[in-house]
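# Examining the three-dimensional arrangement
In case you want the letters, here they are:
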Amino acid sequence: MAVSSGLTSAEDEESPAVMEEPLLLRYQQQRQQESTRLRLRRSQSNTSSQVAIVGSDLCPIESLDYEIIENDFFRQDWRSRGKTQIFQYILMKWIFCFLIGVIVGLLGFFNNLAVENIAGIKFVVTSNMMLARKYTLAFLVFASSNFGLTLFACLITAFIAPEAAGSGIPEVKAYLNGVDAPAIFSLRTLLIKIVGSICAVSSSLNIGKAGPMVHTGAIVAAIIGEGGSNKFGFTWKWLRVFNNDRDRRDLVTCGSAAGIAAAFRAPVGGLLFALEELASWWRSALLWRAFFTTAVVAIVLRALIDVCLRGECGLFGKGGLIMFDVTSANISYHLRDVPPVLLLGVIGGIVGSSYNLLLNKILRFYNMINEKGIAYKIILACSISIFTSCLLFGLPWLAYCRPCPSDTSEPCPTIGRSGNYKKFQCQPGHYNDLASLFFNTNDDAIKNLFSKNTDSEFHLASMFIFFVTCYFLSIFSYGIVAPAGLFVPVIVTGAAYGRFVGMLVGSNSNLNHGLFAVLGSASLLGGTMRTTVSLCVIILELTNNLLLLPLSMLVLLISKTVADAFNGNIYDLIVALKGFPYLESHVEPYMRQLTVGDVVTGPLRIFHGTEKVSNIVHILKTTRHNGFPVVDEPPFSVSPVLFGLILRAHLITLLKTKIFLRTPAPVGSDASTQFSADDFSKKGLSLGDKIEDVDLSEEEMEMFIDLHPFTNTSPYTVVETLSLAKALILFRQVGLRHLLVIPKISDRVPVVGILTRHDFMPEHILNLYPHLVTSRWERLRFQLPQSHKLI
């Protein structure tokens with residue numbers, strides 16, 4: 001029994017070891033397989049796209065350096081600054097904001113002045129021919145002038161500055177998110193944006209000037225922040241104060257806010273639009289400067305409008321810079337008026353989401369045409385111009401002539417550029433209500449729709465025709481190779497839709513048709529652009545009536561909520577369509593299942609603290625990386641240690657200055673006497689030096705460079721086990737370009753890899769882990785049924 005007991009005891013003692021051994025081996029094999037997979041994945045390159053559609057052309061893109069590079073020269077420059085220099089630095093920010101406000105205000109006024117006069121001359125000449133009953137000649141003059149203006153706008157855009165095509169808001173939004181594209185803020189783009197927008201809007205295409213004004217304001221701010229244009233030789237040394245992307249980003253934010261303020265004379269609305277829709281980073285100091293900038297714009301516009309009110313602006317008159325007088329001082333609405341307003345918001349959300357869906361499909365189709373060459377771009381735009389002219393001239397013939405009201409406060413029928421009562425083909429004493437909308441600029445059409453005491457001015461069928469025509473023309477007109485905005489067309493279309501609903505409601509509501517038009521514009525804006533606060537304030541500033549606030553808020557909230565159930569806002573859709581690597585504010589659920597070590601890819605290029613020139617040149621020529629880890633190894637350190645991060649631009653600067661060493665020895669303090677902080681400051685947007693421009697001899701290639709004084713010794717680093725979701729939050733909120741990943745175990749290589757913007761893109765992550773597609777974050781949205789092809 002004792003022996004048996006002893007044998008049993010021995011077996012019991014040995015059995016756990018016997019059972020643990022295969023488990024341990026299995027665990028070790030799994031670790032080896034996982035390590036092998038990680039090595040294989042990190043040896044692969046990120047295959048996400050490095051190009052995007054900027055304007056109308058495919059261009060390479062880069063990320064911006066919002067991080068402060070804290071190397072020896074930065075510390076030296078920062079320590080040497082006195083109170084006077086710091087005060088001058090802060091004062092220049094306010095001076096720059098003042099300059100931006102003045103220039104953008106002047107450009108906004110000039111833009112409106114030019115559009116109103118060019119379009120006014122066209123409408124006056126056409127109307128005079130209609131009065132003489134020369135209808136065919138009138139159509140030829142109208143169509144040919146529209147065709148010529150469209151053709152000119154497209155030619156200068158396609159051949160001189162393709163980056164000026166479109167509204168420019170997606171490009172500005174991507175820039176403020178940290179994406180840099182060549183020439184989007186150049187002087188050439190600014191000139192073409194201004195001239196092209198004037199011609200395109202004057203050509204009666206159903207496009208707006210608000211989007212181009214945002215881009216224009218951003219360009220003005222960027223050029224001022226750079227101290228002028230290096231390419232064209234317009235530079236001012238006293239303006240060269242801000243030598244980093246962080247300060248320039250703040251100026252561009254102020255410029256984009258000024259653009260909206262100049263387009264609608266809505267300073268607070270412009271500020272809120274930049275905050276709500278465009279900017280990815282915001283702080284209180286920037287809020288004050290942006291508010292100051294838009295206030296300057298409002299003052300400049302007010303002063304210039306006073307000049308025009310004295311009749312010194314030609315056909316501009318009181319138009320253009322909109323201040324819509326929609327109601328009397330007393331607005332009364334009751335509980336029974338709420339259901340029609342709710343219905344307006346619900347239908348506006350549905351119509352707005354369908355607008356975004358159709359526009360997204362049309363833009364994809366236009367991209368296929370634009371890829372074939374400039375000739376196809378021009379033909380497409382000219383075809384749309386001819387089609388638009390035919391509709392604008394032909395559809396009013398479908399409307400019945402209506403007798404002029406006896407109690408009107410303005411002449412009827414209207415003879416000349418603008419007015420509520422266009423005669424068109426009607427007999428004396430009558431007017432054509434459709435011509436009053438089609439034969440006007442968008443600003444005047446909005447005024448006619450928003451105007452008070454005009455409930456009997458338009459026929460129900462005419463309003464429906466105008467709404468459908470504007471709806472589809474604005475979709476087909478956007479996307480041509482010319483500066484074109486969406487804001488004003490959506491306001492016009494929404495006003496027609498709102499007035500149509502008001503006419504259907506009729507006497508069942510105390511609200512007049514002008515109020516319904518305002519609320520219709522608000523509902524369609526909320527359904528397409530999905531911003532609420534800024535749009536509400538812009539509508540209030542346009543109408544100059546605070547009593548509309550409760551109804552406007554209600555309509556915007558409902559339309560946005562309904563539209564969000566179907567798709568995203570229009571600018572986000574265009575940003576995605578153009579291919580910008582935009583970092584969203586939300587985190588995908590699958591990112592919480594991954595660590596940064598799971599997505600970091602290679603090949604990783606590392607420099608030593610003292611590196612050979614030939615090795616630097618080789619790596620710069622064979623890679624497109626913009627940041628490289630610098631590692632110290634024995635004998636300069638006890639063990640391999642991460643010293644910091646050095647940028648490609650700084651390496652090229654060192655190679656061009658040719659301050660080399662014959663032996664791999666540290667420079668020490670001597671480097672500070674050979675360089676200054678300005679030598680390593682960013683010269684301008686997309687204007688960096690290239691490695692191909694560096695000419696080195698064979699002897700110089702065998703020398704060395706001490707990288708220690710030029711390396712950012714405090715880069716942002718995360719451990720490889722950090723959640724990818726947390727890394728994205730850090731990356732976006734701080735505004736990084738590079739995020740170093742270090743190992744959890746210290747006895748390994750001191751750096752695992754570098755995370756960039758493209759490593760957070762869903763296409764890259766889902767390419768590595770296709771099974772996570774089902775874990776993507778999506779709103780609760782209604783999906784339209786997919787059409788299946790018959791085989």
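Worth saying up front: this structure is predicted, and the values here are computed from it rather than measured. (Residues numbered from 1 in each chain as written. Predicted model: local features only at pLDDT ≥ 70, side-chain atom pairs only at ≥ 80, totals over all residues. Heavy atoms only, no water.)

## Let's talk about empty space enclosed by the protein
Enumeration according to the criterion identifies six cavities of 30 Å³ or more in this entry. Within this model, the largest cavity holds a volume of roughly 290 Å³. In terms of lining, the largest cavity is formed by 27 residues, of which the most central are Ser204, Leu205, Asn440, Thr441 and Asn442. Only α3 (83–131), α6 (187–202), α13 (433–438), α14 (442–450) and α15 (460–477) provide two or more residues apiece to the lining of the largest cavity. Ranked by residue count, the leading element in the lining of the largest cavity is α3, at six residues. Taken as a whole, the second largest cavity holds about 210 Å³ of empty space. Taken together, 19 residues form the lining of the second largest cavity, with Gly55, Leu363, Asn367, Gly479 and Lys578 sitting closest to its centre. Of all the secondary structure elements, the ones that give two or more residues to the lining of the second largest cavity are α5 (169–177), α11 (338–370) and α20 (570–578). (1 Å grid on protein atoms, 1.4 Å probe; cavity = no way out; pocket = protein on both sides within 12 Å on 5 of 7 lines; lining within 4 Å. Points joined across faces, edges and corners; volume = space filled by probe spheres on them. Helix = DSSP H or I, 4+ residues; strand = E, 2+ residues; numbered from the N terminus.)

## Focus on the pairing of strand β11 (residues 627–632)
Burial of β11 is extensive: six of the six residues sit out of reach of the surface. Alternating positions in β11 separate into two faces, Gly627, Pro629 and Val631 on one and Phe628, Val630 and Asp632 on the other, with burial throughout. Two strands pair when backbone bridges link them, and strand β9 (residues 607–608) and β11 are joined in this way by two bridges, in the parallel orientation. In the sheet register, Phe607 faces β11, and the bridge partner there is Val630. Inspection of the sheet shows β11 paired to strand β12 (residues 641–647) by six bridges, in the antiparallel sense. Within β12, the residue paired with Phe628 across the bridge is Ile646. (Buried < 20%, exposed > 50% of the residue type's maximum accessible area, 1.4 Å probe, protein only. Pairing = 2+ DSSP bridges.)

## Considerations on the environment of Val104
Looking at where Val104 falls in the secondary structure, it is placed in helix α3. Relative accessible area serves as the criterion here: at 0%, Val104 is assigned to the buried category. Along the sequence, Val104 and Ala221 sit 117 residues apart, while their C-alpha atoms lie 9.0 Å from each other.

## Focus: the state of the cysteines
Summed over the entire model, instances satisfying the criterion amount to one disulfide. Residue Cys401 pairs covalently with Cys426 via a disulfide, S to S 2.0 Å. The sign of the -90 degrees torsion about the S-S bond sets the Cys401-Cys426 disulfide as left-handed. Of this pair, Cys401 sits in strand β7 (residues 401–403) while Cys426 sits in the loop between β7 and β8 (430–432), and the two are 25 residues apart along the sequence. Residue class for Cys401 comes out partly exposed when judged on its relative accessible area of 27%. Given a relative accessible area of 0%, Cys426 falls into the buried group. (Disulfide = S-S within 2.5 Å.)

## Quick look at unusual backbone geometry
What you tend to see is this: most non-glycine residues have negative phi, and most peptide bonds are trans. Phi at Phe424 is positive, roughly 55 degrees, even though this residue is not glycine. Position of Phe424 among the secondary structure elements: in the loop between β7 and β8. With a relative accessible area of 7%, Phe424 lands in the buried category.

## As for the environment of Ser145
Its location among the elements puts Ser145 in helix α4 (residues 135–159). By relative accessible area, which is 23% here, Ser145 ends up partly exposed.

## Observations concerning the sheet that holds strand β15 (residues 739–742)
Spatially, β14-β15-β16 is the arrangement adopted by the three strands of the open sheet, whose pairing is mixed. Here the strands that pair on one side only, and so sit at the sheet edges, are β14 (717–719) and β16 (753–755). Across this sheet, the average inter-strand angle for adjacent strands is 35 degrees, counted without regard to direction. Bridge analysis of β15 against β16 gives three bridges, and the strand direction is antiparallel. Pairing of Leu740 across the sheet is with Ile754, part of β16. (Axes fitted to C-alpha atoms, helices over the stretch in contact; angles between N-to-C directions.)

## Thoughts on a nonpolar patch on the surface
Taken together, the side chains of Ile86, Ile90, Trp94 and Trp288 define a hydrophobic patch exposed on the protein surface, amounting to about 420 Å² of accessible area. For the nonpolar patch, the element with the most residues is α3, which contributes three residues. (Patch = residues over 30% accessible without salt bridge, like charges linked within 9 Å, V, L, I, M, F, W, Y side chains within 5 Å. Areas by Shrake-Rupley, 256 points an atom, 1.4 Å probe, with all protein chains shown as cover. Salt bridge = Lys/Arg side-chain N within 4 Å of Asp/Glu carboxyl O.)

## Structural notes on the side chain of Thr293
Checked against the element boundaries, Thr293 lands in helix α10 (residues 284–309). Overall, the relative accessible area of 0% leaves Thr293 in the buried class. Excluding residues within four positions of it along the chain, Thr293 makes contact with Cys97, Ile100, Gly101, Cys254 and Ala258. (Contact = heavy atoms within 4.5 Å.)

## So, the nonpolar core
Among the nonpolar cores identified, the biggest contains 158 residues, and Phe185, Phe264, Leu449, Phe466 and Phe487 are the most heavily contacted of them. The element best represented in this core is α3, accounting for 13 residues. Within the second largest apolar cluster, 26 residues are counted, among which are Val596, Leu728, Phe731 and Leu739. (Core = buried A, V, L, I, M, F, W, Y, C linked by side-chain atoms within 4.5 Å.)

## Brief notes about the environment of Phe98
As for its placement among the helices and strands, Phe98 is situated in helix α3. Separated by 192 residues in the primary sequence, Phe98 and Ala290 place their C-alpha atoms 9.9 Å from one another. Those residues within four positions of Phe98 in sequence are excluded, and the remaining contacts are Phe292 and Val296.

## A short note on the pairing of β15
Examined bridge by bridge, β14 and β15 share three bridges and lie parallel to one another. Of the residues in β15, the one forming a bridge with Thr717 is Leu740. Note on the crossover from β14 through helix α25 (residues 724–734) to β15: the handedness is right-handed. (Right-handed = clockwise from strand over helix to strand, strands pointing away.)

## Section: the sheet that holds β11
Remark on secondary structure: sheet strands pair via backbone hydrogen bonds, oriented parallel or antiparallel. Spatial strand order, β9-β11-β12: three strands in an open sheet with mixed pairing. Across the chains shown, the open sheet's two edge strands, defined by having one partner strand only, are β9 and β12. Contacting β9, β11 and β12, helix α23 (residues 648–657) runs over the sheet at an angle of about 80 degrees to β12.

## A closer look at the confidence of the model for the protein
Averaged over all residues, the pLDDT of the protein equals 83, while 82% of them reach at least 70. For the protein, the element scoring lowest by mean pLDDT is helix α1 (residues 2–42), at 46; α4 scores highest, at 95. Under a pLDDT of 50 for its full length, residues 787–791 has, in the predicted model, zero contacts with residues more than four places off or in other chains. (pLDDT = per-residue confidence, 0-100.)

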